[in-house]
Every structure is written in structure tokens, then in C-alpha cells.
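Survey of secondary and tertiary structure
One-letter residues, chain by chain:
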Amino acid sequence: MELRQLEYAIAVAEELHFGKAAARMHVTQQSISEQIRRLEKEIGAPLFVRTSRRVTVTVVGEAFLPEARRAVAAARHALDAGRRAAAGPADELRIGHAADLGLRLFQLVIPALRARLPEVRPAPCPMTTADQLAALEDRRLDIGFCWNTEARPGLDSLLVVREPFVLALAATHPLAAETAIDPVRLSHRPIIVHERNLSPWLYDHIIGHLRDHGTVVTIHREISSLDRLLPLVLADAAIGITVAASAAARPFAGVVYRPFTEPSPLADQRIVWRRGTTDPSVLAFVQIVRELREAGAFVPGYPDLRSGPPDGLDPLSETSG
């Protein structure tokens, strides 16, 4: 019996479909079927009942699968322990975070983590969302804090907060007098956004929202962080687009922030970690974030927004997953 056979059996049991399980495990359906047959032959009984319409777990499968999950988890834990020992101090927790993300998370989570696991040494690593996901898969990172990303095999995620995009304008800009700004009012005006290669989702999401609401988009410049955006807003009379929490953390003389008219575009921020990890520091970090999230600790501030938070906005809603 091989570890991959256990992983294949678990995937089939969770998907109840050999094709979907094969896609999840990045192998052919023929390969996963053959490995399951070999495993069933070794056990001496079928794990699944296969028909043309569906797959169901047998009584033998129901007894076998919990033990298979424990065996796979134990193997992953052993691999994690070995790799962490090879990579550096066993008590280091490597935490990735995207540009303009991390400050509020670290302010709230790190003290709670130290209280529970004082031997753990958090090691923040600024990285793009794409780099974080690759580093997690390669086990060069323990936790990521990313802009929204599609689900990936082998990784779990938790929505930390959903917050609105806001506009950064020079206080003397004609649109600064508005309570909220209709995207159409941005047509043909110079706009500053985050670089697409640093966060494709963030860029595509906001530009897509603008175009969907009738904006003729004119990109003035793409920047890597809010620190670079604000001087440009003042110097070039351009309009910057960022998220509320980033704006709240960086007040800047001469710059004001205004919300979009409803429906406001929203940005998801998530922590991501390897599925099935048994690392106590990772599990503690995730649990602390979950507790703080449910207590509303990550609800964003609204700096200099005359109308306050957009009506009906629930920063903790997970309607999109």
C-alpha cells in the first residue's frame, strides 16, 4: 500500500467522482482508477460502488477512510517537521503578505499568538499573492495573507475581511466635493491603480467594475503600493484607487478619500495555508484569525469618507465563498 493510493481514495470519497478526483490530484482518470483497484485488491474488498451515474462509498470504505486520512495527515506532519528543520529554526512561522496587507493582521494576531505559543517566532515575508501561493505549495511559506484567489488543490483559505475600494483625490480636485463618486465620473480622467503583475485579481476586479459601470478607463500609472500612490495623487492631479483599510492606515496631508456609489466594488482578503497541516503554530494562527474575525476586529476604518461605510456593507459576509 502506497501513500498516493490513500490520497487517491480520499479524493474519490470527497468528490464522489473519479474524473473530478483525478483532476484534483493532477493525474489521469485511468491512473487513479488503477491505483484504487490495486488498493481494493490488497484490502480484499471494494471501497466504492461505481455505476454510470454515481460513486458511493461502501461499508468497507467507511471503515477504511478515517484511518487513511489519519495516515496521510501523519505522513504530512512528518514531512513538515523534516522540511522545517532543514529550512531553519523549528519555532519560526513564515507568514507571507501582499502589498498594503498585513499591518492590521499583525497588530492583532501576533500578540495573541505569542500569548498562546510564546516559543513561536513570526517571520513576515512581503510577497505578491501569486508568489505566496507558489511558496505555500513548495513549503517555503507556512501562511499567506492574500488578495482574493481561486481555490487551489491542497490549500485552504479563510476570508478575513471584505472591504470596499475607495478613491484617493487631492483635496482640491473637483470630485473631492462629492459625497460618493459614480464610476462614470471617472471617464477620461487619469487613474492610478496597483500593478497588474503584482495582483492580477485586484487589477482586473476594479478595472472590470469601472468598465461594467460605464467608465471609459484611462490608466495614468500602475504602482506597487499605496506609499507610491499618494504623492502621485497630489503631484499629477490623478485619481488613486485603493482599499479602505490601506487608506485608513496612511493619512496623507492634502489627500481625501471618497467611496464609490453603490454598488461599491469590494476586495476580499484571505489567509491561506496548506490543507491537512498539523503544525500547531499554523493551526493556532488560523484559529486566532477566525476568533478575531467573528468578533469584528478586522472591520475596516473609513478615513475621511463623508458618508461613512456604504449602506448595507457587511465586511464579514462570505457570499462569494
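The structure reproduced in this document is the subject of the present report. As the structure is a computational prediction, the values presented were derived from the model and not from experiment.

**Regarding unusual backbone geometry**
Following E262, the chain continues into P263 via a peptide bond in cis, with omega recorded as 0°. Tracing the backbone through its elements, the reader meets P263 in the loop between β10 (255–259) and β11 (266–274). Positive phi outside glycine occurs at L16, with the angle close to 50°. On the basis of relative accessibility, which here comes to 39%, the residue L16 falls in the partly exposed class. Backbone geometry at H26 places phi at a positive 60°, although glycine is not the residue there. Examined against the element boundaries, H26 turns out to sit in the loop between α2 (18–25) and α3 (29–43). Judged by its relative accessible area of 64%, H26 is exposed.

**Notes on the packing of aromatic side chains**
In this structure the tally under the stated criterion is 1 aromatic pair. Ring geometry for F18 and F48: centres 6.2 Å apart, planes at 80°, overall edge-to-face. Pair noted here: F18 is in helix α2 and F48 is in strand β1 (residues 48–50), with a separation of 30 residues, a long-range link. Using a relative accessible area of 8% as the deciding quantity, one classes F18 as buried.

**Side note on the pattern of salt bridges**
Under the definition given, this model contains 17 salt bridges. Between R275 and D156 there is a salt bridge whose closest N-O contact spans 3.0 Å. On the criterion of sequence distance, the pair formed by R275 in the loop between β11 and α10 (280–294) and D156 in strand β6 (residues 155–170) is long-range, its members being 119 residues apart. A residue is classified by how much of its surface remains accessible, and R275, at 33% relative accessible area, is partly exposed. Residue D156 is classed as partly exposed on the basis of its relative accessible area of 25%.

**Some remarks on the nonpolar core**
Of all hydrophobic cores here, the largest spans 25 residues; its most connected members are L105, I271, F285 and V289. Considering every element that reaches this core, the biggest residue donor is α10, with 7 residues. Contact partners of V289, with chain neighbours within four places excluded, come to L105, V109, L158, V160, I271 and F298. Counting 23 residues, the second-largest nonpolar core is a separate cluster that includes L175, I181, I241 and V256.

What counts, and at which threshold
Residues numbered from 1 in each chain as written. Predicted model: local features only at pLDDT ≥ 70, side-chain atom pairs only at ≥ 80, totals over all residues. Heavy atoms only, no water. Helix = DSSP H or I, 4+ residues; strand = E, 2+ residues; numbered from the N terminus. Buried < 20%, exposed > 50% of the residue type's maximum accessible area, 1.4 Å probe, protein only. Phe/Tyr/Trp six-rings, centres within 6.5 Å; stacked < 30°, edge-to-face > 60°. Salt bridge = Lys/Arg side-chain N within 4 Å of Asp/Glu carboxyl O. Core = buried A, V, L, I, M, F, W, Y, C linked by side-chain atoms within 4.5 Å. Contact = heavy atoms within 4.5 Å.

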